[in-house]
Amino acid sequence: MKIFDNVLVTKSYRDHAHIALVQLNRPKVLNALSTDLMKDLIEAFFLLEDDKDVRVIILTGHDRAFAAGADIGQMMEATPIDQINDNRFRTWKQLSLFTKPIIAAVNGFALGGGCELAMACDFIIAGDTAQFAQPEIKIGTIPGAGGTQRLTRAIGKSKAMLAILTGNMISAYEAERSGLVAKVVPAETLLQETFEIAKIIANRAPIAVKLAKEAVNMAFESSLKDGMEYERRNFYLTFSSKDQKEGMRAFMEKREPKYQGN
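Participant: Would you take a moment to explain the overall build of the chain for this structure?
Facilitator: In terms of regular secondary structure, the chain is built from 12 helices and 10 strands. Since a compact globule built from 262 residues should have a radius of gyration of about 18 Å, the 19 Å found for the chain is in line with a globular shape. Here the C-alpha coordinates of the chain stretch approximately 60 × 45 × 40 Å along the principal axes. A fraction of 67% describes how many contacts in the chain between residues 6 or more apart in sequence connect residues 24 or more apart. Accessible surface computed for the chain: about 14,200 Å², of which carbon and sulfur atoms make up 56%. Within the chain, the 32 negative side-chain charges are centred at a point lying 5 Å from the centre of the 33 positive side-chain charges.

Here it is in structure tokens:
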């Protein structure tokens, strides 16, 4: 696996052959999301996407911060044309291309772009001291990498409007109650708890996991009628896989299935 300047990649995380850990690694600036960090992150994800052994990816930061937003120093004097020409936003679009589950394990601050990055993952497990916010309004701008869209879909218009127009913090437990976070766990056991969830997913049929992820994401991009048709096609498609046969055979034989990803 390639060595990156701004992210640390661990394959076979905790000796599990199908789980990889990706850690943002700019701790001195609370993992501020510079252009170079985002490039490294996407390249690491693509390498793991192409790795047949990897079935689940955990994305995390450090105890103080998952990621404390964009690199403001890099953006402060930017013009609209600078922003258009900046490849950061093309990089953000690439997050939607990954078919393997990506779990955000969030401790500390997930602010601005950090919150947007966590929301771009498939779901969030938060340490109990985690804090989320879209504070862009406080520095005279608005979210630009999905904050107004994903936060609204996650917690509803009223709560999202309050969060975005005030820039105020959302605690881990409030984020869980609102639907932004899937589960809150003790901060000191965040990675262990996330790893246990990743193990469950990694032990499921990989093709079915990918197709299920696609179908859930389609729910946000289509009408109910179109979404139901998409789900049904993916359901039919699972019956072309050897893992579907293995899963149902194992159920009938009252044993654990052995999925091969085909």
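Participant: Which parts of the structure should I look at to understand the sheet that holds strand β10 (residues 183-185)?
Facilitator: Backbone hydrogen bonds are what pair the strands of a sheet, in a parallel or an antiparallel way. Taken in spatial order, the 6 strands make up an open sheet running β1-β2-β3-β5-β7-β10, and their pairing is mixed. Each end of this open sheet is capped by a strand with a single partner; those strands are β1 (7-10) and β10. Taken pair by pair, the neighbouring strands of this sheet meet at an average axis angle of 20°, ignoring direction. By the bridge criterion, 5 bridges tie strand β2 (residues 19-24) to strand β3 (residues 56-60) in an arrangement that is parallel.

Participant: Can you walk me through helix α10 (residues 206-218) in this structure?
Facilitator: Residues separated by three or four positions in an α-helix point in the same direction, a consequence of the helix having 3.6 residues per turn. The first and last C-alpha atoms of α10 sit 18 Å apart over 13 residues, in line with the 18 Å expected at 1.5 Å per residue. Among the residues of α10, Pro-206, Val-209, Leu-211, Lys-213 and Ala-215 are the ones counted as buried. On its buried face, α10 is in contact with α9 (190-202), α11 (224-238) and α12 (242-252).

Participant: What should I look at first to understand the packing of α10 against α11 in this one?
Facilitator: The relative placement of two packed helices is expressed as an angle between their axes plus a distance between the axes. It is the contact of α10 with α11, at a shortest axis distance of 9 Å, that shows an interaxial angle of 175°. When the axis of α10 is compared with that of α11, the two are roughly antiparallel. Where α10 abuts α11, its residues Leu-211, Glu-214, Ala-215 and Met-218 lie against Gly-227, Tyr-230, Glu-231, Asn-234, Leu-237 and Thr-238. For the contact of α10 with α11, the residue count by class is 5 nonpolar, 3 polar and 2 charged.

Participant: Would you mind showing me how to read the nonpolar core here?
Facilitator: Looking at soluble globular proteins, one finds that nonpolar side chains tend to be buried together. In this structure, Leu-59 and Phe-132 are the most contacted members of the largest nonpolar core, which totals 46 residues. Per element, the largest residue contribution to this core is 7 residues, and it comes from helix α1 (residues 35-49). Setting aside its immediate chain neighbours within four residues, Leu-59 contacts Val-22, Leu-24, Leu-41, Phe-45, Phe-66, Ile-102, Ile-103, Ala-104, Ala-105, Leu-117 and Cys-121. Judged by nonpolar contacts, the second largest core, of 15 residues, contains Leu-21, Ile-58, Ile-201 and Val-209.

Participant: Would you take a moment to explain the packing of aromatic side chains for this structure?
Facilitator: Between two aromatic rings, the relevant description is the distance of the centres plus the angle of the planes. Within the structure shown, the criterion is met by 5 aromatic pairs. Taking the centre distance of 5.2 Å and the plane angle of 75° together, the rings of Phe-235 and Phe-239 count as edge-to-face. Exposure remark for Phe-239: the relative accessible area of 36% places this residue in the partly exposed category. Three or more aromatic residues joined by ring pairs make a cluster, and in this case those are Phe-45, Phe-46 and Phe-98.

Participant: Explain the pairing of strand β5 (residues 102-106) here, please?
Facilitator: Within a regular strand, side chains alternate between the sheet's two faces. Most of β5 sits out of view: 5 of its 5 residues are buried. Pairing of β3 with β5, which is carried by 4 bridges, proceeds in the parallel orientation. Within the sheet, the bridge partner assigned to Leu-59 lies in β5 and is Ala-104.

Participant: Teacher, can you tell me more about the packing of helix α6 (residues 147-155) against helix α7 (residues 157-166) here?
Facilitator: Running from N to C, α6 and α7 cross one another at 140°; their axes reach a closest spacing of 7 Å. One finds that α6 runs oblique with respect to α7. Of the two possible hands of crossing, α6 and α7 adopt the one that is right-handed. Residues Gly-147, Thr-148, Leu-151, Thr-152 and Ile-155 of α6 form the contact with α7, whose own contacting residues are Lys-157, Lys-159, Ala-160, Ala-163 and Ile-164. Here the residues of the contact of α6 with α7 are counted per class, giving 5 nonpolar, 3 polar and 2 charged.

Participant: How should α11 be read in this particular structure?
Facilitator: Taking 1.5 Å per residue as the helical rise, α11 with its 15 residues ought to reach 21 Å, and the 21 Å between its terminal C-alpha atoms agrees with that figure. Taken together, the buried positions of α11 are Gly-227, Tyr-230, Asn-234 and Thr-238. With its buried residues spanning 85° around the axis, α11 presents them on a single face. Turned more than 90 degrees away from the buried face of α11, the exposed residues are Lys-225 and Tyr-236. Those residues of α11 that are buried are in contact with α10 and α12.

Thresholds applied
- Residues numbered from 1 in each chain as written.
- Predicted model: local features only at pLDDT ≥ 70, side-chain atom pairs only at ≥ 80, totals over all residues.
- Heavy atoms only, no water.
- Helix = DSSP H or I, 4+ residues; strand = E, 2+ residues; numbered from the N terminus.
- Rg over C-alpha atoms; globule rule 2.2 N^0.38 Å.
- Contact = heavy atoms within 4.5 Å.
- Areas by Shrake-Rupley, 256 points an atom, 1.4 Å probe, with all protein chains shown as cover.
- Lys, Arg positive; Asp, Glu negative; His and termini not counted.
- Charge placed at Lys NZ, Arg CZ, Asp CG, Glu CD.
- Pairing = 2+ DSSP bridges.
- Axes fitted to C-alpha atoms, helices over the stretch in contact; angles between N-to-C directions.
- Expected span 1.5 Å × (residues − 1).
- Buried < 20%, exposed > 50% of the residue type's maximum accessible area, 1.4 Å probe, protein only.
- Parallel < 35°, antiparallel > 145°, perpendicular 65-115°, else oblique.
- Nonpolar A, V, L, I, M, F, W, Y, C, P; charged D, E, K, R; others polar.
- Core = buried A, V, L, I, M, F, W, Y, C linked by side-chain atoms within 4.5 Å.
- Phe/Tyr/Trp six-rings, centres within 6.5 Å; stacked < 30°, edge-to-face > 60°.
- Left-handed = near helix turned anticlockwise from the far one by under 90°.
- Arc of directions from axis to C-beta.

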